[in-house]
Amino acid sequence: MASDTLYPFGRPHGATNLSPHPYAPRPFVVKGRTQETGDTVTLRLSPQTAGDQLSFRGGQFNMVYVFGVGESAISISGDSGHPEELVHTIRTVGKVTNALTALNPGAVVGIRGPYGRGWPLDSARGRDVVIIAGGLGLPPLRPTLYDIFRQREAFGRVEIIYGARTPKDLVFYEEVQTWRQRTDLRIQTTVDAAGRDWYGDVGVVTTRIPDSRFDPPNTTAFICGPEIMMKLTAQALAQRGVPTDAIWLSMERNMKCALGFCGHCQYGPSFVCRDGPVLPYRTLAPLLAFKEV
Amino acid sequence: MNANGKAATADLVLSHPFFVGLDPTLVAAMSSNAEERTYEVGDMLVREGKAAEEFFLVFEGKIALEVGASDKPGITVETIGRGEILGWSWLVSPHRWRFDARALKPTRVVAINAAAARYALAAHPAFGYHFLMKLLPVIADRLENTRVQLMDIHGV
């Protein structure tokens, strides 16, 4: 059993089925693999041991271990309503993610987690919700979108603004098209540049904010993407009147232990693995003003 | 165009967000030759290098601004939609378009004659000043957005 001796800095938020030892990965089997874009893959995993399934909240992450290669922090991109299937969407950026994206069904990986604070969806109840994703920022937001869809009546207007470099870099493209069919949701998709076969918007995500229909003082915003994108987007939302304590960003830092021990992910007074990765803009704004923190 | 048609177009021009707050009499004078137009998907509104003899107020639809070279297909670098204004090449010498503009959706615009607009701005300096104070933020926003695009903010 996990004990406070094993988690002296507190247990990961919302975690009810932690590993017996915080550093011990549990084996999960790759059940499916989807090539999302040229460098991004979604893996669907199931626990090798019955009953080892993970309950999680949107915005949390796991440490995913490729045996013999290493471990990397990866956000969960699946549906918390279907914990029997653990889904991770991974972009190839280094040794571990290169190995992960090359895995095929049947391969076994190690999972530690879930870790971190997820999106505070309860704080958005009764309010408009705007979800803004840049690049690979959509996967960590997708579980929360599923949660919103399940209890859609609990929220006001829901808007998604999703930006990528090019149309070929948009992940979950087919699924996003199905979301477009919903009448209780508004989606704006934009890219930095496109050829003549693209009929959507072109421009950065911030250019789509003026065309949005949410009520700023009554809006909660969840933003995920590259840090510069989150900073500029949060500024634009705040300028429009969205309260800074209702704007939430998912920070990314080099996470190693994921338990608040090692300090690799320290960002100002916070350890992103333990206190984040989702943090309020009100807290982050002073830090975001500095370069290379 | 008959008088009723002209009046309707003038009303349309005055209802566009860009002209809100400007002297309606002078807006009407500036847009006396304005023309309402519709474009189907794929229609070109302007072509790079051609004389910029008008600018456009967008009321419906979406327009792609494209750049490219003769040996490469056009690349869309920005889209413009409802409530926005297309074009300032008509105001800046040598008054030639710097890009192509193509309708991405069925699009409705009002085209304002550049010569009439330049005349109105020059003849009424206070109006010209207020007009430019409206146009400058549009240009500044687009410059800033272009800079942000160069920062690759949607990248990894």
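Criteria and cut-off values
Residues numbered from 1 in each chain as written. Chains lettered and ligands numbered in written order. Predicted model: local features only at pLDDT ≥ 70, side-chain atom pairs only at ≥ 80, totals over all residues. Helix = DSSP H or I, 4+ residues; strand = E, 2+ residues; numbered from the N terminus. Rg over C-alpha atoms; globule rule 2.2 N^0.38 Å. Buried ≥ 20, exposed ≤ 12 C-beta atoms within 10 Å, placed from the backbone. Contact = placed C-beta atoms within 7 Å. Pairing = 2+ DSSP bridges. Axes fitted to C-alpha atoms, helices over the stretch in contact; angles between N-to-C directions. Nonpolar A, V, L, I, M, F, W, Y, C, P; charged D, E, K, R; others polar. pLDDT = per-residue confidence, 0-100. Domains from an automatic or database assignment.

Here we look at the overall build of chain A
Along its length, chain A carries six helices and 15 strands. The C-alpha atoms of chain A give 18 Å as radius of gyration, which agrees with the globular expectation for 293 residues (19 Å, within 12%). Each of the three principal axes of chain A carries a C-alpha extent, and together these read 50 × 40 × 40 Å. Each of the 293 residues in chain A was classed as buried or not, and the buried ones make up 47%. Of all intrachain contacts in chain A linking residues separated by at least 6 positions in sequence, the fraction that spans at least 24 positions is 69%.

Side note on the pairing of strand 2 (residues 40-47) of chain A
All names here are of chain A. As judged from the eight bridges shared by strand 1 (residues 26-37) and strand 2, these two strands associate in the antiparallel manner. From the neighbouring strand, phenylalanine 28 faces strand 2, where its bridge partner is proline 47. Where strand 2 and strand 5 (residues 86-91) come together, six bridges link them in antiparallel fashion. Following the sheet pairing, leucine 43 is matched in strand 5 by histidine 88.

A look at the packing of helix 3 (residues 114-123) of chain B against helix 4 (residues 125-150) of chain B
Two elements in contact, helix 3 of chain B and helix 4 of chain B, have axes separated by 5 Å at closest approach and are oriented at 115 degrees. Along its contact with helix 3 of chain B, which presents Ala120, Leu121 and Ala122 of chain B, the element helix 4 of chain B presents Phe127, Gly128 and Phe131 of chain B.

Let's talk about the interface of chain B and chain A
If you look at the interface, chain B gives 19 residues, while chain A gives 27 residues. Elements with a minimum of two residues in the side of chain B that touches chain A: strand 5 (75-81) and helix 4 of chain B. With six residues, the single largest contributor to the side of chain B that touches chain A is strand 5 of chain B. A per-class count over the side of chain B that touches chain A returns nine nonpolar, eight polar and two charged.

Considerations on unusual backbone geometry
Looking along the chain, the bond that leaves glycine 113 of chain A and enters proline 114 of chain A is cis, with omega of 0 degrees. For proline 114 of chain A, the position within the fold is in strand 6 (residues 108-115). Along the chain, serine 93 of chain B connects to proline 94 of chain B via a cis peptide bond; the corresponding omega equals 15 degrees. Assignment of secondary structure puts proline 94 of chain B in the loop between strand 6 (85-86) and strand 7 (100-103). Of note in this structure, phenylalanine 172 of chain A is not a glycine but carries a positive phi near 55 degrees. With respect to the secondary-structure elements, phenylalanine 172 of chain A resides in the loop between strand 8 (158-164) and helix 3 (173-180). Among the residues examined, phenylalanine 172 of chain A registers 21 C-beta atoms within 10 Å and is labelled buried. Look at alanine 258 of chain A: it is not a glycine, yet its phi comes out positive at around 70 degrees.

Observations concerning the environment of histidine 16 of chain B
With respect to the helices, strands and loops of the structure, histidine 16 of chain B is situated in the loop between helix 1 (3-15) and helix 2 (24-30). Judged by C-beta crowding, with 20 C-beta atoms within 10 Å, histidine 16 of chain B ranks as buried.

A word on the confidence of the model for chain B
All names here are of chain B. Put simply, chain B has an average pLDDT of 90, and 97% of its residues get 70 or more. When pLDDT is averaged over each element of chain B, strand 3 (residues 54-60) comes out on top at 97 and helix 1 at the bottom at 81. Across the interface, the model reports ipTM at 0.81; the global pTM reads 0.87.

Description of the domain arrangement of chain A
All names here are of chain A. For chain A, the assigned domains are domain 1 (26-115) and domain 2 (121-288). The centre of domain 1, based on its C-alpha atoms, is set 22 Å off from the matching centre of domain 2. Elements supplying a minimum of two residues to the side of domain 1 that touches domain 2: strand 1, strand 3 (61-66), strand 4 (70-75), strand 5 and strand 6. Take the side of domain 1 that touches domain 2: its biggest share by element is three residues, from strand 6.

Here's the deal with the environment of proline 24 of chain B
All names here are of chain B. In this fold, proline 24 is placed in helix 2. Proline 24 gets classed as partly exposed once you count the C-beta atoms within 10 Å, which come to 13. Placed 68 residues apart in sequence, proline 24 and valine 92 show a C-alpha to C-alpha distance of 24 Å.

Quick word on the sheet that holds strand 12 (residues 247-250) of chain A
Residue and element names in this part refer to chain A. The sheet built from seven strands is open, its strands ordered 10-9-8-7-11-12-15 with mixed pairing. Of all strands in the sheet, those with a lone pairing partner are strand 10 (201-202) and strand 15 (278-280), marking the two edges. As judged from the three bridges shared by strand 11 (residues 219-224) and strand 12, these two strands associate in the parallel manner. If you follow phenylalanine 222 over to strand 12, its bridge partner there is tryptophan 248. Contacts between helix 4 (residues 227-240) and the sheet are confined to strand 7 (128-134), strand 11 and strand 12, with strand 12 contributing the most and set at about 175 degrees to the helix.

Side note on the sheet that holds strand 4 (residues 62-67) of chain B
All names here are of chain B. Read from one edge to the other, the open sheet built from four strands follows the order 2-7-4-5, with strand pairing classed as antiparallel. Only two strands of the sheet have a single partner each, and these edge strands are strand 2 (44-46) and strand 5. For this sheet, the mean angle separating the axes of adjacent strands, direction not counted, is 30 degrees. Relative to strand 5, strand 4 runs antiparallel, the two being bridged by six bridges. If you follow leucine 65 over to strand 5, its bridge partner there is glutamate 78.

Examining the environment of alanine 236 of chain A
Residues and elements named next belong to chain A. Inspection of the secondary structure puts alanine 236 in helix 4. For alanine 236, a count of 18 C-beta atoms within 10 Å gives the class partly exposed. The residues touching alanine 236, leaving out its near neighbours within four places in the chain, are Thr206 and Ile209.

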